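Spelled out from the first residue to the last, the chains are:
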Protein chains: 2
Amino acid sequence: MKPVTARCDSVWSVATIRELARLCGVSPATVSRAFNNPEVVNAKTREQVLRTARQIGYLPNESARTLATKKSFMVGLVWDTDHRRPGWRHPFFQEILIGLKTALSGRGYHLLMLATSGDMGGERTEDAYVRAVRRHNLDGVVMIDSGTWDPSLRQLSESGIPCVSLDRPVEGSRATYVTSDNAGGARLAVQHLHERGRRAIATITGPAHTRPGAERLRGYREELSRLGLPQRPGFVVEGDFYLSGGHAAMRRLLEADERPDAVFVAGDEMAVGALRAIGEAGLKVPEDIALVGFDDIEVAALVPPSLTTVAQDKAGFGTAAAEAVVSMINGADTPPPRILPTTLVVRGSSTPPL
Amino acid sequence: MKPVTARCDSVWSVATIRELARLCGVSPATVSRAFNNPEVVNAKTREQVLRTARQIGYLPNESARTLATKKSFMVGLVWDTDHRRPGWRHPFFQEILIGLKTALSGRGYHLLMLATSGDMGGERTEDAYVRAVRRHNLDGVVMIDSGTWDPSLRQLSESGIPCVSLDRPVEGSRATYVTSDNAGGARLAVQHLHERGRRAIATITGPAHTRPGAERLRGYREELSRLGLPQRPGFVVEGDFYLSGGHAAMRRLLEADERPDAVFVAGDEMAVGALRAIGEAGLKVPEDIALVGFDDIEVAALVPPSLTTVAQDKAGFGTAAAEAVVSMINGADTPPPRILPTTLVVRGSSTPPL
DNA sequence: CGGTTGCATGAAACCGGTTACAGCGAGATG
DNA sequence: CATCTCGCTGTAACCGGTTTCATGCAACCG
C-alpha cells in the first residue's frame, strides 16, 4: 500500500532537501553532497539518500541551485524575428535548432529563447540582451545571424559572456563563431560547372554586406582565376537571398549583351527565382543555362529541374555552436572560428553536361 | 566623469537589492516594493530608487525572485526531435515558433526549450517532462505535436500544469489545445473542386491516427454528401504526410479502374509527390487532374504548377497557444479548444476550370 | 486632546539549495 | 599512550530576492 501511495505522490511532492535529510537522518549538506559530490560521501549513506529521494520524488529546485552557484545550465538563444521582411525565414533554422538543442541537452544545458529587443515592451534599450542574460544568470549565448546588424549584439559579444555567433564574425574575448566554408563551396560549384563544359559562368550573389554573400563571391572569383577564365563585370549581379531578388537578377543577366551558359546562384531560394526567370525567357535549364545553388534547402530537391547545389552541414552548425559555447563555459580558451565543410549535391539543373 | 564611469559599470555591476537599498537609505523591502508594487510606496522614494537603480545598473536576480515567488515567468516548449524519420520537419514549425515567442515575450514570458526524454542522458524516465517542469518552476507548457505519441506527454497534460497542445487533443484539468479547422478546410477544398466542374473527386489522406488526418477526411466526406456526390471507397487512399507517401498513394489512384478528375491531398508535401506521380503517368495538372493541397507550405507556391491549397493560420497557432497558456497561468478557467479558421489559396493546380 | 485611521516603511523570516569550516571517531604512527 | 591523519558529517552562513507583521507618524475626528 504505502509504496503505491508514495509512487503516486512522487509526481506531486515538493519535498525540499531538508525534508529529505530529515527522512534519512542526515544533514542537508550531506544530501547535497550525495548528489553533487558522490565520491565524498559514504557509500551506504549515499545509497540511502538516493533511494529515499527516488521514493519521495525529490527534485532539486534549480532556482535555488542557480542562486547559490551562479550557474544556471541555461544557454540563451538570440534570434531576432523583427526587422524582417514579413515571412522571412532562415533557410534552415529548424535543422540548426534541432542540432543545437540536442547537443546542448546532451551536455546538460537547456536553451532559453530570449525575447528580442523589439518584442519586449518598455525595456527597449541597447543592452536588452545583456540585461536578460544577467537577470537569468545564463551561462552563455548563441546568436543566429539575423541578417540585419543589431548593435545590441555587439554589446553582448563584447560583454565577456561566452558567446557563439552563427555565420557572422564577432568580436569579444569570449566570443567566436561558426560558419560554413562559403568560399570553398563556391569554388566547388564553379569547378563543377567548368567540368560540365561551361565557360561563361556568371553569378548571382548575396548582399555584399553579409558574410556568406561576400565569401561566396570571393570563392567564385578565386575559382575563375584558378581555371583561367576571365572575370566579366557584367557576370556578377547582386541579389538579396530572396526569390524575387534572384528572379530580378537573372533577368538582368539575360538582358545583357553576352549570355552566360551557367550561373552560380549564392542561395537556393534565389536559384528558384532564377529558374523561373529563365523559363519565362523561353530558355531551358540545364540545356541553355546550367544552375548551381547554395544551401540545399528542402525545395531544391522538389523543384523541376531539381537543383544542383552546395549543401551546408545544417545540423553541424548547432552541434558546433553547442560545443564551442559549452567549452567556453567550462573555462576553456576561446576556440577559433569553426569553418564547416560544404559538399556539392549534383542534381538536374547542371546535368547532363553540354 | 563619475556618471560616465557609472554608465560603463552599469553593464557589469552585480549590485544586489541590499546594495541598492543602502545607497538610497531605505530598506530592501522598500526597494522590492518600488519595483513590484509601485503604488504602495511614496512617490519621491520610488523615483529615487528607480533612478539610482538605473545609475548603478541594478538588475533583479530572476533565480532569487523565482525561488521566493515560485513564478519563473518561463513557459516550456516540448518539441520532440527523436523518434523521427531523419530529416523530419514540421511543415511550419518556424512560423509557429515566431508567433509563440513574440506573443509570449509581449506578455512577459520567456520560452525554455525542454530537453526531450530521448536526449537527456540517464534521466530517461516517463515523467522526464514533469520533472523538468518542476525543477525549473515553469509556469506552463506548450507542446507541439510530435507525430508520435509519447506517454510522457499524457503525464504532463494530466499533471495540472497549465498546458497547451498544438494539433492534438489533450486531457487534463488545466490542459487545452489549438488546432486548425481541418474539416472545414477540407470542405473548402472539395467545394472549390466542385465549383471548378470536377465530379470524380478522390482524396489522399493523412495517417488515420492523427487528428488532422482524420478531420480532413471527415470534412471531405461531409462535403461530398452535401454536394450529393457518391462516396467511392476506391477514391480514399491513406498517405503519410510525406512526399513519398503522396507519390505512392497517387499511383494507386491512377492504377484503379476509375480515374478521378480531381484529388484533395491532405498535405502539401504529399501533394508535391502526387504532382510528380501524375507527371510520370503522362498526365497533366490541372487539365487531366486538378489538385488541392493542405497547409500552404513554402514549396506550394514554388512548384509548377503552383499548388492550390488550404492555408493554415501559422502564426495564429503560436499566438493562440500563448494566449491560452498565459490565461491559465493567471488563474483563468481552462479555455475551450481553439479552432483556427482556414482559407483557400487558389493557384494553378486547380485552374483554369474544365 | 485622546483615540482612530491610514500611509509609508523597516525588521526579520523565508524560499531551497551550496559550501566553508569545524568536529568527531577510527585507525595509523612514533 | 599521545598524536596525527583521514574520512565522513553537521552547523551555520550565504546566495538575492519577497512578504508578513509590527511600528512610527501624521492627519483626522468627536
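All residue numbers here refer to positions counted from 1 along the written sequence of the relevant chain. Lettering for chains starts from A, numbering for ligands starts from 1, and both go in the order in which the items are written. pLDDT decides what is reported in this predicted model: residues at 70 or higher carry local features, side-chain atom pairs at 80 or more are listed and counted, and totals for whole chains, interfaces and linings draw on all residues regardless. Side-chain metrics in this entry use all non-hydrogen atoms of the structure; hydrogen atoms and water are not considered.

**What about the relation of the copies chain A and chain B?**
The cut-off we apply is this: Only residues with pLDDT of at least 70 in both copies count here: their C-alpha atoms drive the least-squares fit that superposes the copies. Any two residues having at least one pair of non-hydrogen atoms within 4.5 Å are treated as being in contact.
Relative to chain B, chain A is turned by 180 degrees and slid 0.1 Å along the rotation axis, the superposed coordinates differing by an RMSD of 0.1 Å. Expressed as a symmetry operation, the mapping of one chain copy onto the other fits a two-fold axis. When the interface residues of chain A are mapped onto chain B, 100% of them are again interface residues, pointing to one common binding face.

**Topic: the confidence of the model for chain A**
The condition is simple: Scored between 0 and 100, pLDDT is the confidence that the predictor attaches to each residue.
Mean pLDDT over chain A works out to 90, with 90% of the residues at or above the 70 mark. Ignoring residues within four places in sequence, the model shows residues 1–12 of chain A, a span with pLDDT below 50, making 10 contacts including any to other chains.

**Concerning the protein's contact with DNA strand C**
The following threshold applies: Here a residue is near a molecule or strand as soon as one of its heavy atoms is found within 4 Å of it. What qualifies as a polar contact is a pair of N or O atoms within 3.5 Å, subject to a donor-acceptor requirement within protein and to the restriction that residues adjacent in sequence count only when both atoms come from side chains. Secondary structure follows DSSP: runs of H or I at least 4 residues long count as helices, runs of E at least 2 residues long count as strands, and numbering of each begins at the N terminus. Note on residue categories: nonpolar means Ala, Val, Leu, Ile, Met, Phe, Trp, Tyr, Cys or Pro, charged means Asp, Glu, Lys or Arg, and polar means any other residue, Gly included.
If you check the shell around DNA strand C, you find 30 residues, and the closest are A:Ile17, A:Ser32, B:Ser27, B:Thr30 and B:Thr45. When atoms of DNA strand C within 4 Å of the protein are sorted by moiety, sugar and phosphate together comprise 61%. At a separation of 2.8 Å, a base nitrogen of DNA strand C approaches a polar side-chain atom of A:Arg18. B:Thr45 has a polar side-chain atom sitting 2.6 Å from a phosphate oxygen of DNA strand C. Of all elements in the fold, only helix H2 (17–24), helix H3 (28–36) and helix H5 (62–69) of chain A together with helix H3 (28–36) and helix H5 (62–69) of chain B reach the threshold of two or more residues within the surface near DNA strand C. Broken down by element, the surface near DNA strand C gets its largest block of residues, 5 residues, from H5(A). Per-class residue counts for the surface near DNA strand C are 15 nonpolar, 10 polar and 5 charged.

**Examining the pattern of salt bridges**
Residue and element names in this part refer to chain A. Under the convention used in this document: Any Lys or Arg side-chain nitrogen located within 4 Å of an Asp or Glu carboxyl oxygen qualifies as a salt bridge. Categorising residues by exposure relies on relative accessible area from a 1.4 Å probe, with only protein chains included: less than 20% of the type maximum marks a residue as buried, more than 50% marks it as exposed, and the intermediate range marks it as partly exposed.
Here the structure, examined in full by the defined rule, presents 28 salt bridges over all chains. Measuring nitrogen to oxygen at the nearest pair gives 3.8 Å for the salt bridge that ties Glu323 to Arg107. Of this pair, Glu323 sits in helix H14 (residues 314–329) while Arg107 sits in the loop between helix H6 (93–106) and strand E2 (110–113), placing them 216 residues apart in sequence. Exposure remark for Glu323: the relative accessible area of 31% places this residue in the partly exposed category. Residue classification places Arg107 among the partly exposed positions, given a relative accessible area of 36%. Where Glu223 meets Arg226, a salt bridge forms, and the shortest distance between an N and an O atom there is 2.8 Å. Placement of both Glu223 and Arg226 in helix H10 (residues 211–227) is noted, with a separation of 3 residues, approximately one turn of the helix. On the basis of relative accessibility, which here comes to 57%, the residue Arg226 falls in the exposed class. Through salt bridges with shared partners, one network takes in Arg187, Glu215, Arg218 and Glu222.

**Focus on the pairing of strand E4 (residues 163–166) of chain B**
Residues and elements named next belong to chain B. Quick note on the threshold: What makes two strands pair is DSSP finding at least two bridges between them.
Covered by surrounding structure in E4 are Cys163 and Ser165 together with Val164 and Leu166, the residues of both alternating faces. Note that strand E3 (residues 140–144) and E4 share 4 bridges and pair parallel. From the neighbouring strand, Met143 faces E4, where its bridge partner is Ser165.

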